[in-house]
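Report on the structure
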Amino acid sequence: MSFPRVETSRGELRIHDSLDDLSTDLVEYISEISEASVKERGVFTIALSGGSLIDMLGKLCDAPFSKTIDWGKWYIFWVDERVVAKSHADSNYKLAKEGLLNKVPVIPSHVHSINDSLSAEEAASEYEFEIRQLVKSRLISVSDINDCPKFDLILLGMGPDGHVASLFPNHSALKVKHEWITFITDSPKPPPERITFTMPVINSASNVAVVVTGGSKAEAFRLAIDTRDVGPKSLGLPARMVQPTKGKLVWFVDKQAALKLDGVEFS
Ligand code: 6PG
């Protein structure tokens with residue numbers, strides 16, 4: 001089904017022959033973390049991104065996952081969101097709602113989406129406030145080393161430019177350290193207005209999974225995990241900055257995205 005899993009200093013690599021294998025592995029992984037979190041804390045907090053990742057989560061709606069997952073314990077958040085109406089085709093909320101949330105018995109009040117009637121700045125600040133309340137009540141855990149929320153699982157995609165969430169290469173939002181959620185109004189990828197978790201929040205999660213598929217991402221993916229490459233391009237790459245401080249990082253990759261790994265030695 002896949003190449004062996006490889007443990008590297010940049011996390012675990014799972015390289016798959018097909019998107020079908022990759023998505024099966026991804027949903028098994030999500031279901032295991034969900035089960036472990038519910039067992040340990042009684043809840044499972046998951047933050048979603050947009051992109052093709054959501055299509056892959058479609059398998060969660062099928063047996064056996066649809067029946068075995070404790071959906072009532074899921075609390076759902078968004079790593080990033082485009083500042084558009086929830087009914088807009090660009091909305092990450094709409095994508096997840098139609099691709100997953102409408103099809104499984106999650107509790108509507110557990111779905112924490114962004115307020116789409118506000119400006120990007122206001123929406124970011126309101127979303128951060130909402131998450132702060134849930135950290136105070138310990139529904140969301142808190143990091144042991146800073147005051148950041150510790151989500152049980154953060155799911156990320158990666159663009160061909162190496163962006164993750166709405167954190168783009170060379171953008172000032174990448175440097176935000178003391179806020180949990182920030183906003184941008186000049187996204188290089190449309191739509192321009194977005195809100196996003198900051199890198200410290202991503203790196204405080206218990207588990208971070210990054211899904212990378214397609215040949216257009218092969219070079220950015222190599223830069224993200226080749227620790228011998230210390231050029232400015234690689235060090236400034238958002239995907240390279242994904243380094244959970246205490247959590248576990250797993251890369252779900254297809255063969256095309258892994259094409260440039262030949263010769264990379266993993267330390
Ligand atoms: C966005 C997208 C984006 C996406 C990556 C990977 O907000 O513009 O959500 O960040 O996650 O570009 O997308 P694909 O997996 O579809 O290539």
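Preceding block: the structure.
Residues numbered from 1 in each chain as written. Predicted model: local features only at pLDDT ≥ 70, side-chain atom pairs only at ≥ 80, totals over all residues. Heavy atoms only, no water.

The immediate surroundings of the ligand are formed by 13 residues, with Ser52, Arg82, His163, Arg194 and Lys217 found nearest. With respect to the ligand, the side chain of Arg82 contributes an N or O atom lying 2.9 Å from an oxygen atom. Compared with its free state, where it exposes 420 Å², the ligand has 87% of that area covered by protein. Its residues placed into classes, the shell around the ligand shows two nonpolar, six polar and five charged. (Near = heavy atom within 4 Å. Polar contact = N/O pair within 3.5 Å; in protein donor to acceptor, adjacent residues only side chain to side chain. Areas by Shrake-Rupley, 256 points an atom, 1.4 Å probe, with all protein chains shown as cover. Nonpolar A, V, L, I, M, F, W, Y, C, P; charged D, E, K, R; others polar.)

Further remarks concern the pairing of strand 11 (residues 207–212). The element strand 11 is extensively covered by neighbouring structure, given that six of its six residues are classed as buried. Sheet topology places strand 8 (residues 153–157) next to strand 11; four bridges connect them, and they run parallel. Bridge pairing in strand 11 places Gly157 opposite Val211. Alignment of strand 11 against strand 12 (residues 248–254), held across six bridges, turns out to be parallel. Following the sheet pairing, Val212 is matched in strand 12 by Val253. (Buried < 20%, exposed > 50% of the residue type's maximum accessible area, 1.4 Å probe, protein only. Helix = DSSP H or I, 4+ residues; strand = E, 2+ residues; numbered from the N terminus. Pairing = 2+ DSSP bridges.)

Ranked by size, the top nonpolar core spans 89 residues in total, and within it Ile30, Phe197 and Trp251 carry the most contacts. When residues of this core are assigned to their parent elements, the largest contribution, seven residues, is made by helix 1 (residues 19–41). (Core = buried A, V, L, I, M, F, W, Y, C linked by side-chain atoms within 4.5 Å.)

Counting across every chain of the model gives 21 salt bridges. One salt bridge in this structure joins Glu12 and Arg14, with 2.7 Å as the shortest N-O distance. The buried category is assigned to Glu12, whose relative accessible area is 6%. Taking the shortest distance from any N to any O, the salt bridge between Asp229 and Arg222 comes out at 3.3 Å. Arg222 carries the same exposure label as Asp229, and that label is buried. Here the salt bridges do not stand alone but share partners, grouping Arg5, Glu7, Glu12, Arg14, Asp25 and Lys248 into one network. (Salt bridge = Lys/Arg side-chain N within 4 Å of Asp/Glu carboxyl O.)

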